[in-house]
Structure formats: structure tokens, C-alpha cells
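Tertiary structure, described
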Amino acid sequence: MDTRKTIAIIGGGQLGLMIAREAHYLGASVAVLDPASDAPAFAQADRRVVGAYDDIKALEELCEGSDAVTYEFENVPGEILRHIENKYDIRQGIAPLFDSQDRLREKSNARIHGLKTPEFIPVPAIDFIRTEDGEGTLPGNPEFPVPMSAGDASSLSKAERVSQLEQAVSVLGMPCVLKTRTMGYDGHGQAVIRGDSDIENASELLKVPCILEKFVDFDYEASVVMVSDGEKVIHFPIGRNIHTGGILDLCVVPAPGLSDGHGENETGAKIAEACGNFMKSCGYKGILAVELFIKDGDFYFNEMAPRPHNSGHYTIEGCSTNQYRELCHFLLGQPLETPVLLAPTVMKNILGQDLEAAKAIVAESLRGAGPGLRVDSPEYVDNAFCGEAGKGVYVHLYGKTQSRPKRKMGHITFTPMTLEEFNEHWADRFV
Ligand code: AMP
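Bear in mind that the values here come from a model prediction, so they are computed numbers and not experimental data. (Residues numbered from 1 in each chain as written. Predicted model: local features only at pLDDT ≥ 70, side-chain atom pairs only at ≥ 80, totals over all residues. Heavy atoms only, no water.)

Details of helix α1 (residues 14-25)
This is how the line gets drawn: Every helix listed is a DSSP run of H or I at least four residues long, and every strand listed is a run of E at least two residues long, numbered separately from the N terminus. Any helix carries an expected span of 1.5 Å times its number of residues minus one. Three labels apply to residues, based on accessible area from a 1.4 Å probe with only protein chains included: buried if under 20% of the type maximum, exposed if over 50%, partly exposed otherwise in between.
Between the first and last C-alpha of α1 there are 17 Å, a value that for 12 residues agrees with the 16 Å anticipated at 1.5 Å per step. The buried fraction of α1 is high, at 10 of 12 residues. All of the buried residues in α1 are Gln 14, Leu 15, Gly 16, Leu 17, Met 18, Ile 19, Ala 20, Arg 21, Glu 22 and Ala 23. Just beyond α1, the residue with positive phi is Gly 27, at close to 85 degrees.

If you want it as C-alpha cells, here you go:
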């Protein structure tokens with residue numbers, strides 16, 4: 001009889017794959033649910049359930065016999081999880097997932113719990129109140145707008161959508177960013193409005209409820225990954241994130257601007273403290289990643305994710321413990337370990353357009369086949385690789401069977417390496 005503890009993961013993408021690997025390292029077994037039969041995490045799963053995220057029967061099949069349930073996919077319908085919440089041990093609870101699924105709720109929640117956000121308002125507005133001077137303002141406190149239901153947007157005509165957006169833009173001013181409240185990721189479902197001529201195009205997004213945010217002319221972006229057991233919060237060294245086309249390209253640690261060379265500088269320490277307090281104040285447990293904009297030493301909450309984060313891939317080789325292992329420690333009821341950065345590290349995302357370059361790096365290494373090599377899944381030998389391809393160059397390919405531009409196919413961690421060294425020696429190899 002298998003006496004190992006079992007972690008059930010809702011979602012079989014690369015995050016699930018890396019959670020599964022750490023769960024095995026800690027002696028646990030893993031069950032995975034994903035709608036796609038070739039999902040990356042299935043390569044490491046002890047039990048596989050192919051089914052939709054909103055299929056109660058499939059979810060129950062996944063959770064049955066598990067000791068802890070976690071999610072690596074953000075858009076599992078909250079309503080569905082409610083059905084299984086009382087039957088199985090969803091250790092993080094569903095609150096952080098629910099709070100992160102709607103940008104309006106997410107940002108209102110961040111403010112209520114002490115984090116600054118860019119100014120924002122919901123669009124369409126429920127009802128604009130005309131002030132005496134004729135300016136439009138929102139009902140109630142514009143700092144904490146009232147959420148509206150998803151159905152309210154679909155009935156708007158094109159002219160109404162444009163008019164709603166014009167009014168909202170006149171309240172916030174330009175430049176600003178319109179984002180769909182739900183299901184947005186990696187720059188999908190958003191439009192920057194810099195001038196009146198952008199409004200008509202952007203208003204197309206208003207077929208569903210949106211949020212309009214002030215554009216923050218930030219100096220740079222950063223993220224912090226935290227894990228809490230409900231008592232203490234540990235955090236991984238803050239990463240400085242460089243995006244290309246709305247998708248994370250590089251994560252650099254220590255984050256230039258937030259570190260003094262030994263640890264976090266004053267701004268870095270403030271960020272870690274504020275985000276830790278936020279997590280405690282919300283009562284969240286398990287893992288939470290917070291993405292921030294940094295401007296003049298000040299920081300603004302952009303969004304959060306109650307799952308391992310793309311920027312946190314660097315922790316696998318860059319830190320004494322990694323985000324996946326600490327999540328598993330939490331899920332298995334084991335003590336959390338405080339991570340220490342081992343050396344300056346750069347993580348490069350491998351999107352479809354970079355896959356050939358990544359494979360070439362692996363092939364170069366295979367010719368001299370070092371002991372660091374590990375192929376996750378024999379079926380995908382060509383495409384699934386996790387290992388050291390050259391000194392300090394760790395290539396992770398997720399084994400996705402279909403590659404396309406902008407799809408996350410893998411990542412490479414370079415450590416020890418600074419951003420300057422990366423730019424000098426490696427940047428040219430990628431698109
Ligand atoms: P998001 O999906 O909200 O993380 O947005 C994707 C990317 O768009 C962010 O990483 C930023 O680079 C950019 N972005 C989003 N919101 C804003 C904003 N309010 N001001 C400036 N840039 C933004």
C-alpha cells in the first residue's frame with residue numbers, strides 16, 4: 001500500500017510540473033487534473049485525471065484520497081471549488097483564488113489591506129453622478145468602487161461602450177489602461193489609452209466588465225513570492241522583472257534598485273514588509289506572489305497570484321530552497337524554510353520563438369553530456385529537459401507538445417550571473 005501523502009493539483013501546466021517534482025523530492029505522491037491529455041505535469045504525476053476544471057466529477061476524482069489540494073491555474077471557477085471545499089483539504093482555501101480572479105476585487109482588496117495601487121475605476125460605471133460643475137464622478141467612494149455583475153456589460157451598444165469609456169477616461173485622465181476584470185493575463189484583455197483616438201478601439205473590451213487604471217510610468221517592475229503557514233510569512237528575494245510585449249522575459253535577482261548587494265535595501269525591505277503584512281492581514285495561507293510597479297522608491301500593487309509565479313522559477317537553482325518546495329512544505333504540514341539567495345541569478349523565459357535557441361544550448365551540452373542531465377518524460381525526449389547545460393546554465397523545457405510564439409515553453413536559469421553578464425554573453429542567442 002502506498003503510504004505516501006498525496007498532493008492533488010488542479011492544473012497540469014509547467015507550474016504543476018515543478019510542484020510535482022518538489023512533492024516527489026519531499027516523498028509525497030501527486031495527482032493532477034488537466035483538460036489536456038498531454039499537459040506537462042502529467043509527465044510527473046502518479047495519478048492523472050483528464051477533465052475540465054468545472055467538471056465536478058473530475059475534480060472529485062482528483063481530490064479523492066488526497067491529503068491536500070492545491071491549484072496552479074488561476075481561473076478555476078470559485079463557485080465550483082465551493083462544492084469541494086468542505087469535502088477535501090484545499091489548504092490555501094479558496095479566498096485568495098477568488099480575490100485574485102477579478103481585478104476590481106483584487107485591487108480594492110489590496111487597498112483595504114494596506115497596499116497602494118494605481119488609481120482605478122470600474123467601467124462601465126454603475127451610474128455616473130453629475131456634479132454641479134458638470135464633471136462626471138462615480139457613486140460612493142471612488143477609492144473603493146462597487147463591484148458590478150458580469151451581465152451588466154453585455155447589453156451595452158457600441159455607442160454606449162464608447163460613451164462609458166469616455167466618461168471614465170475623463171475622470172482618471174490619460175494615459176490610462178483598460179483591462180477586462182476577469183480572465184486577463186500576460187497583457188491579453190487590455191488596452192493602453194494615450195489619446196482620444198484610442199478610445200473607440202479600446203471600448204471593444206467593454207463587452208465584458210472592465211477596470212480602468214491610471215497608467216503608471218514606473219521605473220521598473222518587481223515581484224515578491226511569499227509562503228505562509230498562517231503564523232509566519234517567509235519571502236523569496238524580490239525579483240526585478242523585465243517584460244517584453246506584456247510577457248515576462250527576464251527576472252533578475254538581487255533586484256537592481258531594491259538590494260544593497262547583501263540583502264534588500266530600504267525600499268526592498270519596505271516592500272517585503274508591506275507585502276507580508278498584506279498577506280497576514282488578508283489571512284491568506286500557502287503561497288502568494290505579488291507583482292509591483294516601482295516608481296521613485298514608491299511601490300504600487302499591480303496584481304497577485306495564489307500559486308507559484310513565473311518570476312519565482314529562478315528560486316530552483318538561485319536559492320537555498322525554492323517556491324515549489326516551500327509550497328509543498330506548507331501543503332504537507334512541514335516547517336517552512338527561510339530561503340537564502342545563493343548567488344546573483346537571471347531567469348530567462350523561453351517562449352515559442354526562443355525554443356530552438358534553448359534546444360541548441362541543450363544539444364551543445366548533450367554532446368558533452370554532463371551528470372546534470374535529466375529528461376523528464378521519455379515520450380518528449382526532444383522537448384522535455386531539465387538540467388545543467390554548461391556551468392551555471394540550467395535549462396528547463398516543459399515538454400509541451402505544441403510550440404508557438406509567445407507560448408511559455410521553458411525557462412533557463414543562469415546562476416551565478418548578473419544582468420550585465422547575461423546581456424554580454426547570452427542575450428544575443430535569443431530572439
Ligand atoms: P497585467 O496583466 O496587469 O500584469 O499587465 C501586464 C503588463 O502591462 C504589466 O506587467 C505592465 O508592464 C503593464 N501594465 C499593466 N498595468 C499597467 C499600469 N497601470 N500602468 C503601466 N503599465 C501597466
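What follows picks up the thread again.
A short note on the packing of aromatic side chains
Let me state the cut-off plainly: Note on aromatic pairs: the rings of Phe, Tyr and Trp (six-membered ring only in Trp) are paired at centre separations within 6.5 Å, and the planes decide the class, stacked below 30 degrees, edge-to-face beyond 60, tilted for the rest. By definition here, charges over rings are those cases where NZ of Lys or CZ of Arg is within 6 Å of the ring centre and within 35 degrees of the ring normal.
A complete count under the given rule lists seven aromatic pairs for this structure. Taking the centre distance of 4.8 Å and the plane angle of 15 degrees together, the rings of Phe 218 and Phe 293 count as stacked. With Phe 218 in the loop between β10 (210-214) and β11 (220-228) and Phe 293 in strand β15 (residues 286-295), this pair connects stretches of sequence that are 75 residues apart. On the basis of relative accessibility, which here comes to 9%, the residue Phe 293 falls in the buried class. Among the aromatic side chains, those forming a connected cluster through ring pairs are Phe 414, Phe 422, Trp 426 and Phe 430. One residue, Arg 105, lies across the ring of Phe 98, its end atom 3.6 Å from the ring centre.

Re the nonpolar core
As a reminder of what qualifies: In plain words, nonpolar cores are sets of buried Ala, Val, Leu, Ile, Met, Phe, Trp, Tyr and Cys residues tied together by side-chain atoms within 4.5 Å. For each domain, the first and last residues come from an automatic or database assignment. By definition, residues are in contact when any of their heavy atoms lie within 4.5 Å.
In terms of nonpolar packing, the biggest core is built from 36 residues, with Ile 7, Val 32, Val 227 and Tyr 314 touching the most fellow members. Counting only elements with at least two residues in this core, the list comes to β1 (6-10), α1, β2 (29-34), β11, β14 (247-253), β15 and α11 (323-331). The residues that make up this core include at least three from each of domain 1 (6-90) and domain 3 (220-429). When near neighbours in sequence (up to four residues on either side) are disregarded, Val 32 contacts Ile 9, Gly 11, Gly 12, Ala 41, Phe 42, Ala 45, Arg 47, Arg 48, Val 49 and Leu 62.

What to know about the environment of Arg 404
With respect to the helices and strands, the residue Arg 404 is situated in the loop between β19 (393-397) and β20 (408-414). Given a relative accessible area of 47%, Arg 404 falls into the partly exposed group. Sequence-wise, Arg 404 and Asp 354 are 50 residues apart; in three dimensions their C-alpha atoms are separated by 9.8 Å.

Description of the confidence of the model for the protein
This is how it is decided: Residue-level confidence of the predictor, termed pLDDT, takes values from 0 up to 100.
Averaged over all residues, the pLDDT of the protein is 89; the fraction at 70 or higher stands at 89%. For the stretch residues 127-151, pLDDT sits under 50, and the model shows 44 contacts to residues farther than four places along the chain or on other chains. Scored below 50 in pLDDT, residues 377-382 shows seven contacts in the model against residues more than four places distant or in partner chains.

Focus: unusual backbone geometry
Comment: phi is negative for the bulk of residues other than glycine, and the bulk of peptide bonds are trans. The omega torsion across Val 123 and Pro 124 is 0 degrees, close enough to zero to call that bond cis. Tracing the sequence through the fold places Pro 124 in the loop between β5 (120-123) and β6 (129-130). The backbone phi angle of Asp 296 is positive, close to 50 degrees, even though this residue is not glycine. Counting through the fold element by element, Asp 296 comes out in the loop between β15 and β16 (298-305). With a relative accessible area of 63%, Asp 296 lands in the exposed category. The phi angle at Lys 406 is positive, at roughly 75 degrees, despite the residue not being glycine. Tracing the backbone shows Lys 406 in the loop between β19 and β20.

Some words on helix α9 (residues 266-282)
Applied cut-off: Working note: the arc is built from the helix axis to C-beta atom directions.
Over its 17 residues, α9 runs 24 Å from end to end, which matches the ideal 24 Å to within 8%, given 1.5 Å per residue. When α9 is considered as a whole, its buried residues turn out to be Thr 267, Gly 268, Ile 271, Ala 272, Cys 275, Gly 276, Phe 278, Met 279 and Cys 282. Projected down its long axis, α9 shows its buried positions confined to an angular sector of 165 degrees, all on one face. More than 90 degrees from the buried face of α9, the exposed residues found are Glu 266, Glu 273 and Lys 280.

Description of the environment of Phe 98
Mapped onto the elements, Phe 98 comes out in helix α4 (residues 95-100). In the structure, Phe 98 is positioned 24 residues away from Glu 74 in sequence and 8.9 Å away in space, judged by C-alpha atoms.

A closer look at the pattern of salt bridges
As a reminder of what qualifies: For this analysis, a salt bridge means a side-chain nitrogen from Lys or Arg found within 4 Å of a carboxyl oxygen belonging to Asp or Glu.
Scanning the entire structure with this criterion turns up 15 salt bridges. Between Asp 102 and Arg 181 there is a salt bridge, with the nearest N and O atoms lying 2.7 Å from each other. Taken together, the residues span a long stretch of sequence, with Asp 102 in the loop between α4 and α5 (103-112) and Arg 181 in the loop between β8 (176-180) and β9 (190-193) at a distance of 79 residues. Taken as a pair, Asp 102 and Arg 181 share a single burial class, namely buried. The network of salt bridges with shared partners includes Lys 107, Lys 179 and Glu 213.

As for the packing of α1 against α11
Basically, it comes down to this: Simply put, an axis is a line fit to the C-alpha atoms, just over the touching stretch for a helix, and the angle between two N-to-C directions goes from 0 to 180 degrees. Should the near helix be turned counterclockwise from the far one by less than a right angle, the crossing is left-handed, whereas a clockwise turn marks it as right-handed. For this classification, Asp, Glu, Lys and Arg are treated as charged, while Ala, Val, Leu, Ile, Met, Phe, Trp, Tyr, Cys and Pro are nonpolar and the rest, including Gly, are polar.
Relative orientation of the contacting elements α1 and α11 amounts to 60 degrees, with a least axis distance of 8 Å. α11 is crossed by α1, and the crossing has right-handed handedness. Contacts between α1 and α11 involve Leu 15, Met 18, Ile 19, Glu 22, Ala 23 and Tyr 25 on the former and, on the latter, Tyr 324, Arg 325, Leu 327 and Cys 328. For the contact of α1 with α11, the class distribution of residues is eight nonpolar, no polar and two charged.

Comments concerning the side chain of Gln 92
We apply this condition: Between N or O atoms, a polar contact is any pair within 3.5 Å; within protein, one atom must be a potential hydrogen donor and the other a potential acceptor, and residues adjacent in sequence are included only when both atoms are from side chains.
Structurally, the position occupied by Gln 92 is in the loop between α3 (78-85) and α4. The class for Gln 92 is buried, based on a relative accessible area of 6%. Side-chain polar atoms of Gln 92 contact the backbone oxygen of Ile 287, separated by 3.2 Å. In terms of polar contacts, Gln 92 uses its side chain to reach the backbone carbonyl oxygen of Pro 306, at 3.4 Å.

Things to note about the site of the ligand
Operational definition: Throughout, near means a residue has at least one heavy atom within 4 Å of the molecule or strand. Here the open area of atoms and residues is found with the Shrake-Rupley method and a 1.4 Å probe, where only the protein chains shown may cover a residue.
The environment of the ligand is formed by 15 residues, the closest being Lys 179, Glu 213, Val 216, Glu 221 and Glu 303. At a separation of 3.1 Å, an oxygen atom of the ligand approaches a polar side-chain atom of Gln 190. One nitrogen or oxygen atom from the side chain of Glu 221 is found 2.6 Å from an oxygen atom belonging to the ligand. Relative to its unbound accessible surface of 470 Å², the ligand loses 91% to contact with the protein. The set of elements that each furnish at least two residues to the shell around the ligand consists of β8, β10, β15 and β16. Looking at side-chain class alone, the shell around the ligand contains five nonpolar, three polar and seven charged residues. For the shell around the ligand, the domains that each give at least three residues are domain 2 (119-214) and domain 3 (220-429).

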